[in-house]
Amino acid sequence: MGKGRLIAVTRRSLVLCIILFFACLPPVAAHDDPATRHVLVIHSYHPDFPWTDSINHGMVDILHGAVPDIDIHIEYLDAKRHQPERILPAFRELLFHKYQATPLDVIIVSDDAAFQSILLLRDSLFPGVPVVFCGVNLFEEAMIDGFAAVTGVVEDFDLAGTLDIALTLQPKTKHLAVVSDSTESGRLNLERFRQIKSHYSGRFASIIELAELSEQELREELTRLDKNKTIILLLSFYRDRHDKAFSVPEMTELIAQSARLPVYSSWDFVLGHKVVGGRVVSGLQQGRTAAELALRVLNGEPAGAIPIVRDSPNLFMFDHRELSFFGIDPARLPKESVVLNQPQSTLREYLWLIVGLALFVIVETVLILALIKKSRHYRMVKEALGKSEERFSLAMQAAKDGIFDWNLETDEVYYSPGWKQMFGYREEEVENRISEWERLTVAEDVKSTWQLVQEHLAGKRERFAAEFKMHHKDGHLIDVLARGRAVIDATGKPVRLVGTHVDITERKRHEQQLATALGEKEVLLREVHHRVKNNLAAIISLMDMQRRTLEEPKGQVILSELSNRIRSMSLVHEKLYRADSLASIDFHDYLQALISHLRTTFGSPGIIVRVDAPGVTIPLDLASPCGLIVNELVTNALKYAFPEGKPRPGKGDCRILVRLHRDKDTYTLTVADNGIGWPAGFDWTKTRTLGMTLVRMLGQHQLGGRFIVDLEEGTSVTLIFTDRKKEKPIHG
């Protein structure tokens, strides 16, 4: 697909998304949520394992996108680091105690260990609950014989396709080394290879299997390989025969240190870790497909009637850095290939993205203006209440409110003329007895008011204060605020209670109007944030669908980056929708959610990202641009700061710091890494790349801040800005 056609297609996609956004905007009103659905997800491996994280990301995206209020429970079997048969009894007890009272609607499992475990445990723990699986190798119908309500998607990785493309890219290759481990999945993968091994005996001079070795044994075998005409097919090496566990970066680094040879694989999550590529199976697509099957079950379709998906969604994927390192010409790649870590394109190719983002800002502005118009009523009610309170104060000063003086010993009460006029009576129509107050007061208020009086007279309350309703002579009710204080004699005994009765009926009416207006405003605000979040999520999903239909890798990258930018804005509305306060969001929680998504997107488990924004809250008009700035800077750090997964020499682990501190109305936002830094001579204020252009525009123009860049220990970009509603912007 040519560049012009790519831009045309992506522009049409953007127009379609905008039309859908406005078409989906309903009248703003409260809505009834359906009953909560419960889904239990069991992964075979551990958190931060890239394959598992990719599957989980696909599942959660689809489930939350279709059923926003779904309750997803996630558990990990940790089978890469522990043998399943040893931990299964304890895992069963965990499931029993955590979920015995939870009405599960469906169970989703990923990979073989979790699949086999739930088949053993379901009938005793969760009888009748449907099961959906994904990532299962060598699936046969016999596996589920005797088990009802089971469906799923098969993981059919393409070893032959990976070896064929490797030979196409490197036709002079003579030797093949196959690396595998002693895990259950490793043995299954090796068996799959042996089924096709005979087809390649004539294409390789030698094929060596490096299976179920210790770490030292693997190092020694790799060092013996021919360094000129050998390639490595990596099946797995997550646990050696001494049960020592390895992460993906540790596994690939072990191979690279022992023999820096081209490494090919059939799984997407190892790319970016010194692996050239191959025809890979996608964990994200496995998770999405399983979630789509689960939604069919939640919609009432019997799991046993849903056909098992056997066509695994595989694609060609390669790492540009490894292609360059081994001198492989990218022109020889299949035209539908996805190439990661390509050099960044120019700003001209992304101008339409800026237009798209501007349109989203306009949409948000229109919604905010609608809120401002609605809030005018709230301000009018508040002003009316203020005027009412002013009248109340003047009336008290003029002594026009009712005054009473109750003699506790004789039970006589003095009621002022203003007191009697308040209730429509003439002077002679009211007796000076406490029983007159009881006669006029609503019956249910008499008892509670007497309780407050007795507590004050007993010294338990410094003053007497109460609100109650009294009957006017013409029959209507008056809201009364009573305040008083006891007069104590020389012996400490209360002898009189003196105070005032104030007509607060008008104030009560305004308070009710204000409470109603505030309630309507909160419902409106939450509904708008909810709708904006859902519509942005719909746009992201459409872009993901469009991205999967594109054959041009560059277009897929463009749409993926645009989705990340829109997601950073959508996350602000999601946090506000779920927050107790609608004025601002907890930016520490927001940053953690944003960073988690970026780590999943770029598959960088070896990079430590620390978020430091404890207790910092930030309003909506600052949260969106700050989120976009963090999205761009962290994305650049994940993609370019750590080539080959290493930091700047002498800096230990690969680290990224995202910090936001607040001093009164001044904010300091920092994104720093200990990577290789920017290229020599790079002037970020003049570069035309979209990411840096957005950072400058948002930081200097929208936030009115100034940047400080430090390249001594890696790359550190700091933005200092103020809340421009309260302070003048910082120039510099």
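Our structure's up above, just so we're on the same page.
All chains use their own residue numbering, which begins from 1 and follows the written sequence. Residues qualify for local features only when their pLDDT is at least 70, as the model is predicted, and side-chain atom pairs are given and counted only at 80 or more; totals for whole chains, interfaces and linings, by contrast, use all residues. Side-chain metrics in this entry use all non-hydrogen atoms of the structure; hydrogen atoms and water are not considered.

Colleague: What am I meant to see in the side chain of asparagine 314 here?
Modeller: Mapped onto the elements, asparagine 314 comes out in strand β11 (residues 314–319). We call a residue buried when its accessible area falls under 20% of the maximum for its residue type, exposed when it is over 50%, and partly exposed in between, using a 1.4 Å probe and counting protein chains only. A relative accessible area of 17% means that asparagine 314 is categorised as buried. Here the side chain of asparagine 314 touches aspartate 156 through a polar contact of 2.9 Å, landing on its backbone oxygen. Those residues in contact with asparagine 314, other than ones at most four positions away along the chain, are Asp156, Phe157, Asp158, Arg279, Val280 and Val281. Put simply, DSSP H or I for four residues or longer makes a helix, DSSP E for two residues or longer makes a strand, and each gets a number counted from the N terminus. Whenever two N or O atoms come within 3.5 Å, that pair is a polar contact, provided that in protein one can donate a hydrogen and the other can accept it, and provided that, for residues adjacent in sequence, both atoms are side-chain atoms. In what follows, a contact means two residues having at least one pair of non-hydrogen atoms within 4.5 Å.

Colleague: Help me understand the pattern of salt bridges, please; the structure alone is not making it clear to me.
Modeller: A side chain of one charge can pair with a side chain of the opposite charge if their charged atoms are brought near each other. Here, a salt bridge means any side-chain nitrogen of Lys or Arg that lies within 4 Å of a carboxyl oxygen of Asp or Glu. On inspection of all chains with the given rule, the structure shows 36 salt bridges. Among the salt bridges present, the one from arginine 224 reaches glutamate 221, with a minimum N-O distance of 3.1 Å. Judged by its relative accessible area of 57%, arginine 224 falls in the exposed class. Salt bridges here are not isolated pairs; linked through shared partners, they connect Arg426, Glu428, Glu429 and Lys473.

Colleague: Would you mind showing me how to read the sheet that holds strand β21 (residues 654–663) here?
Modeller: Strands belonging to one sheet form pairs held by backbone hydrogen bonds; the direction of such a pair is parallel or antiparallel. DSSP bridges decide pairing: two strands pair if at least two such bridges lie between them. The strand order across the open sheet built from five strands is β19-β21-β22-β24-β23, with neighbouring strands paired in mixed fashion. Edge positions in the open sheet fall to β19 (607–612) and β23 (706–710), since each of these has one partner strand only. Neighbour-to-neighbour, the strand axes of the sheet open up by a mean angle of 10°, direction not taken into account. Note that β19 and β21 share six bridges and pair parallel. Each residue of the ladder has a partner; that of valine 611, found in β21, is valine 658. Comment: axis = line fitted to C-alpha atoms, over the contacting stretch for helices; angle = value between 0 and 180 degrees taken between N-to-C directions. Sitting on the sheet, helix α17 (residues 587–602) touches β19 and β21, and the angle it makes with β19 is about 165°.

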